[in-house]
Amino acid sequence: MTASSTRQSTPSSAEIFRLAWPLGLKAMMLHGIVVIDAWLVSALGEESVAAMGLAAAVGGLLLGVLFAFSNAAQIRIAQAYGSGDPVSLKTGAYIGLLINLVSALLGIVLVWLFGDRVIETFAHTPDIAAQAVSYLSVFMWVVLMEAVAQCLGSFFNGCGRTTLPAYSYLIAIPINVAVSYSLIHGHYGMPEMGVAGAAVGSAISSLTRALFLGAHFLRLTGGYRDVTGWRNGTFGASLHRHLVFAMPIAGQFISMVIVNNICMFIYAKMSVNQFAAMTLINPWVMVAGNFSTAWGMATGIAVAQMLGNGQSGPELNVFLRRAWWGAFVAALIVAGCFLALCLSVDAIYASLGSETRAALVSFLPVLLLMPLLRGSNIMCGHTLRAGGDTLYSMNVHVLTQWLFRVPMVALFVLWLDLSATWVFSLILFEELLKFPFFHRRVLQGEWRKGPAEE
């Protein structure tokens with residue numbers, strides 16, 4: 001796999017869309033695994049949904065760490081692909097895979113040591129705890145398979161082959177639905193496993209993705225068996241340089257995932273119906289929000305390419321204005337998806353209680369306003385990272401998460417005992433806090449100088 005020619009012209013909206021749609025489809029289907037599991041499990045009632053929410057909070061933390069390091073590896077691989085150096089491509093691929101596997105194994109050991117105790121602490125009843133433990137024990141196989149699949153997906157994204165990771169989900173999602181449905185309810189002669197059946201379906205679909213991407217990696221690269229050496233001279237030096245580059249980017253994602261899961265544990269102290277509503281809405285927020293995320297990520301890639309070509313003046317301004325209008329359209333699409341969801345709650349979650357469905361509908365005002373703020377903040381974040389301003393972007397996210405969201409969620413749930421509607425609204429207020437910091441930094445324009453050379 002070799003690098004494409006350097007592009008000198010300003011990217012068009014169509015080019016950004018061609019890059020963005022596979023990224024968005026992949027991310028939507030990644031979070032869609034949780035949505036599908038939650039929908040299938042919802043037929044078992046609120047307690048089963050709550051059990052899956054607890055287990056998913058632990059498993060989601062590990063997947064978030066893998067996603068973080070995979071995103072950092074994606075940028076390294078994109079740089080290597082642009083340089084046309086097979087040694088750098090080999091280095092990015094194998095070091096990224098090593099970091100993912102080590103992170104996954106460490107996480108699995110920690111879950112084995114402490115996972116049951118954490119779940120028992122936050123579960124409402126022993127039955128919920130038992131269901132959550134059974135789900136989590138199987139879900140560790142998902143974590144191991146995704147350590148491989150996420151890294152390989154980042155490799156192909158960095159090389160511009162964004163459709164391959166998307167195709168892997170198109171293959172895996174139907175398998176997940178079929179296997180999970182059969183095992184949850186015991187259909188077609190399969191054992192009735194309840195909540196754990198959803199985890200088995202996810203594990204089999206993740207294995208399918210890893211095999212699909214691994215086969216394409218070997219077919220297209222030969223595993224780089226004929227390429228000798230490492231990017232920074234030795235494997236150890238290359239690993240160190242990769243980690244130095246990756247930590248600010250990974251730190252932002254890891255902080256986000258840790259905060260999300262801490263909040264999920266706090267949500268577990270709400271009533272079962274309110275917690276079930278929060279468990280159900282969060283995956284939908286991530287799935288629909290990927291329209292904006294994918295557009296922002298594709299814009300960031302284009303900005304990095306333009307800065308590399310020395311296009312930091314008026315042509316970049318024209319491109320960013322056009323890209324921001326695209327982000328606005330993406331935000332409207334996301335808001336429309338949320339409106340359709342809230343209007344269809346009674347049909348989608350007919351098996352749940354009226355209190356849970358009413359809580360879901362009450363989230364609508366926040367769901368309509370949030371995409372506009374979050375979409376513009378996403379554009380700022382990816383633009384700053386493209387210019388090498390990774391630390392500032394990380395600091396804005398980390399500080400608002402730890403100094404605002406976590407304390408306020410704890411206040412609203414543990415002390416004030418407010419409804420899920422008020423707790424969910426904190427997501428909107430967090431985006432409002434980020435807005436001036438991000439936009440002022442972009443307007444200052446220091447990022448236009450581009451990332452410093454290694």
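Labelled according to an unreviewed UniProt entry, the chain appears under the name MATE family efflux transporter, originating from Tropicimonas aquimaris.

(A) A look at the packing of aromatic side chains. Scanning all chains against the criterion turns up nine aromatic pairs. Ring geometry for Y135 against F139: centres 5.6 Å apart, planes inclined by 20°, an arrangement best described as stacked. Note that Y135 and F139 are positioned in helix α4 (residues 126-158) at a spacing of four residues, about one turn of the helix. The pair formed by Y135 and F139 is uniform in burial state, with each residue classed as buried. With centroids separated by 4.6 Å and ring planes inclined at 35°, the aromatic side chains of F363 and F424 adopt a geometry described as tilted.

(B) Here's a closer look at unusual backbone geometry. In this structure, Y224 is a non-glycine residue whose phi angle is positive, near 55°. For Y224, the location among the structural elements is in the loop between α6 (195-221) and α7 (235-267). The phi dihedral of D417 is positive, around 55°, even though this residue is not glycine. Tracing the backbone shows D417 in the loop between α13 (390-415) and α14 (420-444).

(C) Quick look at the side chain of H216. Summarising the element assignment, H216 is placed in helix α6. Taking the relative accessible area as the measure of exposure, H216 reaches 17% and is therefore buried. Ignoring sequence-local partners within four residues, the contact set of H216 consists of F156 and L164.

(D) Structural context of the pattern of salt bridges. Enumeration according to the criterion identifies six salt bridges in this entry. In this structure, R374 engages E431 in a salt bridge whose closest nitrogen and oxygen atoms are separated by 3.2 Å. Highlighted residues: R374 in helix α12 (residues 364-386) and E431 in helix α14, separated in sequence by 57 residues. Residue E431 is classed as buried on the basis of its relative accessible area, which comes to 5%. Salt bridges sharing common partners tie together R374, R405, E430, E431 and K434.

Cut-off values and rules
- Residues numbered from 1 in each chain as written.
- Predicted model: local features only at pLDDT ≥ 70, side-chain atom pairs only at ≥ 80, totals over all residues.
- Heavy atoms only, no water.
- Phe/Tyr/Trp six-rings, centres within 6.5 Å; stacked < 30°, edge-to-face > 60°.
- Helix = DSSP H or I, 4+ residues; strand = E, 2+ residues; numbered from the N terminus.
- Buried < 20%, exposed > 50% of the residue type's maximum accessible area, 1.4 Å probe, protein only.
- Contact = heavy atoms within 4.5 Å.
- Salt bridge = Lys/Arg side-chain N within 4 Å of Asp/Glu carboxyl O.

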